[in-house]
Amino acid sequence: IFWGSDRGRSILLEYNAPASFATAFPPLVVSTAVQCVNMPLVRATITLQNPQCQYKFRTVGESMMHIYRTHGVAGLYHGMSAAVLKTVPKYCTAVVVK
């Protein structure tokens, strides 16, 4: 996230973007993209670790396939809006403070 944010900032500054925008926008985009890529794995591991789940999965892959078969692609991204709202501000703050 830090490399992508630093690279994005330098590119935006090359195109004469305002410094505040060049500092805030890249970590927002990069951390949101990371959440989008990571969410199916997070969702599958949460399901795998849930003791109240009626199915007993042995692997993350089994858990992901079950979610996909029963809820489709949307099931793999269930809870993503909350995850983005929780983590993106944290990463943006970390990049600005760095």
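Here's a quick rundown of the structure. (Residues numbered from 1 in each chain as written. Predicted model: local features only at pLDDT ≥ 70, side-chain atom pairs only at ≥ 80, totals over all residues. Heavy atoms only, no water.)

**What to know about the pattern of salt bridges**
Working step 1: The tally for this structure, following the rule as stated, stands at 1 salt bridge.
Working step 2: A salt bridge links Glu-62 to Arg-58; its shortest N-O distance comes to 3.2 Å.
Working step 3: Classification of Glu-62 by relative accessible area gives partly exposed; the value is 29%.
Working step 4: The class for Arg-58 is exposed, based on a relative accessible area of 71%. (Salt bridge = Lys/Arg side-chain N within 4 Å of Asp/Glu carboxyl O. Buried < 20%, exposed > 50% of the residue type's maximum accessible area, 1.4 Å probe, protein only.)

**Quick notes on the state of the cysteines**
Working step 1: Counted by the stated rule, this structure contains 0 disulfides.
Working step 2: Cys-36 takes part in no disulfide bond, and the closest cysteine sulfur to it belongs to Cys-92, at a distance of 14 Å.
Working step 3: Looking at Cys-36, the relative accessible area reads 28%, which means it is partly exposed.
Working step 4: According to the relative accessible area criterion, Cys-92 is buried, its value standing at 15%. (Disulfide = S-S within 2.5 Å.)

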